[in-house]
Amino acid sequence: MRRERIVPVLVYALILLGITACQEAPEKKQDPEHTPVDRQEKFAIVIHGGAGTIVRKNMTPEREAAYREVLEKAIRTGYDILKNGGSGLDAVQKTVNVMEDSPLFNAGKGAVFTHEGKNELDASIMDGKTRNAGAVAGVTTIKNPVDLARAVMEKSEHVMLAREGAAAFAETQGIETVDPSYFYTEPRMKALERIKDQEKTALDHDQKTAFYDPYIQDAKFGTVGCVALDKNGNLAAATSTGGMTNKRWGRIGDSPVIGAGTYANNNTCAVSSTGWGEFFIRGLVAYDISAMMEYKGMTLRDAAREVIQKKLPDLGGNGGIIAVDHNGNMVMEFNTAGMYRASMDAKGALYIGIYDN
């Protein structure tokens, strides 16, 4: 009987000790060096509004201020999305929308005119996580072509749609359309008239070039683009343009061409291009930068510099790119006199640039 009494008492005592130990045990705090927040705070966004002969002597203080204002508005739009945990795809799309809605840039509202006096717009977008992509070319009634490019990526089995077919698809997706007159701006029409006055019929027989026009080569390219890294570590890129002033025969440049004007891969980087499109297509500039990182182990900065400062000029082309890698490193590389550009990192540090120095 005595043993039978002792055993329950011991069990009861052990239970009490266990409860007391649990109550008095200090709360375990997570090592701040290993919290997921560190990784999630790594995000970045970069934009461009075109590269070309952009020099101070040709820019009034008022016009420069106007460009800086729109660049800041655009990049803060995307930055706020990223800061609040939004996706890189949403950030690049909404950022490009701001520039498409501005008459200052050769995209959307400010698109240049074709030889026939029309506005034909191109755009593309790419998801670095899935490497899915969407693009449209030669659309004439889509208010924000990058919106349609995303719809092509997410709502169709295709990558690129063009002209009437793209417009028909836009109708099924409820994409906003406008009358072609929406894109008319006086400065763009005057630019077309100037180029027509100086148009030359002689062809350059240098085998490095498929087409040569000194005026167009030296003119500002106003293509817009955005690249972003979101808090989930996903990269995205988008590009939108009105193309080349005085283009004809349904010419399409690099902006809607995946790998030339736009590219994103979570393993490497996201890139958006601006410049003389024919050469960016022939050099697969956006993909080339990613490939040099993936196969040669180059840094984003070194790869961008190699492609833009050496490989592209060797082909005969000029222009620039913006890019961000999977670690949040940002690059704005160009070989022209200037490039409208801006960047913001996770700390909110804002940079806006126009000229080469």
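Calculation criteria
- Every chain's residues receive numbers from 1 upward, in the order its sequence appears when written.
- Totals for whole chains, interfaces and linings use all residues, but because this is a predicted model, local features are given only for residues with pLDDT of at least 70 and pairs of side-chain atoms are given and counted only at 80 or more.
- Water and hydrogen atoms play no part in the side-chain values, which are based on all heavy atoms of the structure.
- Each pair of aromatic rings taken from Phe, Tyr and Trp, with Trp reduced to its six-membered ring, is defined by centres within 6.5 Å and is described as stacked if the planes are under 30 degrees apart, edge-to-face if over 60, and tilted in the remaining cases.
- Counting from the N terminus, the helices are the DSSP runs of H or I reaching at least four residues and the strands are the DSSP runs of E reaching at least two.
- Per-residue accessibility, obtained with a 1.4 Å probe over protein chains only, is compared with the maximum for each type, and a residue is labelled buried under 20%, exposed over 50%, and partly exposed between these values.
- To sit over a ring, a charge needs its Lys NZ or Arg CZ within 6 Å of the ring centre and within 35 degrees of the ring normal.
- Contact between two residues is taken to exist if any of their heavy atoms lie within 4.5 Å; hydrogens are not considered.

**Overview of the packing of aromatic side chains**
Right, on to step 1. A full pass over the atoms with the stated rule returns eight aromatic pairs.
Right, on to step 2. Ring centres of Phe-105 and Tyr-340 lie 6.1 Å apart, and the angle between their planes is 85°; on these two criteria the pair is classed as edge-to-face. Separated by 235 residues along the polypeptide, Phe-105 in the loop between helix H4 (88–100) and strand S2 (121–127) and Tyr-340 in strand S11 (residues 338–345) bring together distant segments of the chain.
Right, on to step 3. Since its relative accessible area comes to 0%, Phe-105 is described here as buried.
Right, on to step 4. What makes Tyr-340 buried here is its relative accessible area of 2%.
Right, on to step 5. Between the aromatic rings of Trp-276 and Phe-279, the centroid separation amounts to 4.9 Å while the plane-to-plane angle is 80°, which identifies the pairing as edge-to-face. As far as burial versus exposure is concerned, Trp-276 and Phe-279 are alike and both buried.
Right, on to step 6. Each residue in the set Tyr-67, Phe-105 and Tyr-340 is aromatic and connected to the rest through ring pairs, giving one cluster.
Right, on to step 7. Taking the ring centre of Tyr-182 as reference, the NZ or CZ of Lys-109 above it sits at 4.7 Å.

**Observations concerning the environment of Leu-89**
Right, on to step 1. When you line up the elements, Leu-89 lands in helix H4.
Right, on to step 2. Separated by 137 residues in the primary sequence, Leu-89 and Cys-226 place their C-alpha atoms 9.9 Å from one another.
Right, on to step 3. For Leu-89, the contacting residues outside a window of four places in its chain are Ile-125, Met-126, Asp-127, Arg-150, Met-153, Glu-154 and Ala-236.

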